[in-house]
Amino acid sequence: MKKVVALALVLVMAMACTASAKTFVSLATGGTGGTYYPVGGGIADIVSRNLPDVQMTAETGNASVANLNLIGTHQIEMGLVQNDVAYFAYHGKMMFDKPFKNVRAIATLYPETIQVVALKNAGVKTIKDLPGKRVSVGAPGSGVMADVQLIFRTLGYKFSDMKTDFLDFNNTAQRMKDGQIDVGFVVAGFPTSAIMDLATMHDITLVSFDEETIKKLHAEYPFFVKNVIPAGTYKGVDKDTTTVAVQAMWVCDADLDEDTVYKITKAFWENVEDLYKVHSKAKMITLDTALQGISVPVHPGAAKYYKEIGMQVPEIE
């Protein structure tokens, strides 16, 4: 009997040790109606299934700014964010009062496109046609407005060069429906419902970026990358539109153990095709573009994996 009890105690202690050895990681995503939530859930599932010693949980969140505040203050280990907003957080710019120097990148995932939509009768074809027009530049404090400010700075524009309104996606579309605005900026994966709805009621066009502006933007702000919105994405827009995009990016706290992040990164990329079943946008997540548009330093654990497979990791300070 004593032997049985002793054996039972050994088993209980072994189980306790196994449980204590497991690393628990939380991943902040977005609202349940957005893309971050299902993609984050898919990432967490891949990691948890393929790493017995890691349990990752995807949590609902308020997306980029909120997620970066959580990571910056060490309240959560990982998050999904826009790479431009991560840049602002790391440097303490725009909507961040102080720099969060502990933000580290694991991978960029898929593009979130700068869509500049115009009423067809406004006569706006390229980004250089904006002066003098009625333009919505995003809600105050938003990532959209921050992106527009950087684009205008590169072009040498000021808000006073045009009649500006500071509106979110839905209010931008509504004002355009009412004929009160000529052009609106939207930063989102395409097709975007607000623009689709607008295109059913009015003739629209998408405003293109010229190659010179794209190169200059990328040189000054590496998180902007070239992107193309295919013809037919929106009703009445029958040609490809060249623009720029920021990237959805997977980030973490610099305090996370290097070996843990290495194993997570490796397990994710070796099983990334499992994510393609979760959301259509996930099909754009590939190892080839994993470091495209990286805007903060790469975590040493992730960098170890990329270097191991022969990829060049960007050096960011």
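Scroll up to find the structure this text is about.
The paragraphs below set out a description of the structure included in this document.

The rules behind the values
Residues numbered from 1 in each chain as written. Predicted model: local features only at pLDDT ≥ 70, side-chain atom pairs only at ≥ 80, totals over all residues. Heavy atoms only, no water. Helix = DSSP H or I, 4+ residues; strand = E, 2+ residues; numbered from the N terminus. Buried < 20%, exposed > 50% of the residue type's maximum accessible area, 1.4 Å probe, protein only. Core = buried A, V, L, I, M, F, W, Y, C linked by side-chain atoms within 4.5 Å. Contact = heavy atoms within 4.5 Å. Pairing = 2+ DSSP bridges. Salt bridge = Lys/Arg side-chain N within 4 Å of Asp/Glu carboxyl O.

### A short note on unusual backbone geometry
- A positive phi angle, close to 60 degrees, is found at His74, a residue other than glycine.
- In this structure, His74 sits in the loop between helix H3 (63–72) and strand E3 (78–82).
- Assessed through its relative accessible area of 46%, His74 is described here as partly exposed.
- For Met94, which is not a glycine, the phi torsion comes out positive at approximately 55 degrees.
- Note on placement: Met94 falls in the loop between helix H4 (83–91) and strand E4 (103–119).
- On the basis of relative accessible area, Met94 is assigned to the partly exposed category, the value being 34%.

### Here's the deal with the nonpolar core
- Residues Ile43, Phe185 and Trp250 are the most contacted members of the largest nonpolar core, which totals 88 residues.
- The leading source of residues in this core is E4, at 9 residues.
- Excluding anything up to four places from it in sequence, Phe185 contacts Ile114, Gln115, Val116, Ile127, Leu130, Val135, Ser136, Val137, Val144, Val148, Ile151 and Phe152.
- Counting 15 residues, the second largest nonpolar core, distinct from the first, contains Met176, Ile195, Ile204 and Tyr234.

### Some remarks on the pairing of strand E10 (residues 241–253)
- Taking burial as the measure, the 13 residues of E10 include 12 buried ones, the bulk of the element.
- In this structure, E3 lies alongside E10, joined through 5 bridges in antiparallel fashion. Pairing of Val81 across the sheet is with Met249, part of E10.
- Of the pairings in the sheet, the one linking E4 to E10 comprises 8 bridges and is antiparallel in character. When the sheet's bridge partners are listed, Glu112 is paired in E10 with Val246.
- Both strand E9 (residues 225–229) and E10 contribute to a ladder of 5 bridges, which runs antiparallel. Bridging from a neighbouring strand, Ile229 pairs with Thr241 of E10.

### Quick word on the pattern of salt bridges
- Within the structure shown, the criterion is met by 10 salt bridges.
- Salt-bridge contacts for Asp182 lead to Arg134; the nearest nitrogen and oxygen are separated by 2.9 Å. Taken together, the residues span a long stretch of sequence, with Asp182 in the loop between helix H6 (169–177) and strand E7 (183–188) and Arg134 in strand E5 (residues 134–136) at a distance of 48 residues.
- Under the relative-accessibility criterion, Asp182 is labelled buried at 12%.
- Note that Lys226 is salt-bridged to Glu211, the shortest N-O span being 2.6 Å. With Lys226 in strand E9 and Glu211 in helix H8 (residues 211–220), the pair connects residues that are 15 residues apart, well separated along the chain.
- Members of the salt-bridge network, linked through shared partners, are Asp45, Arg49 and Asp274.

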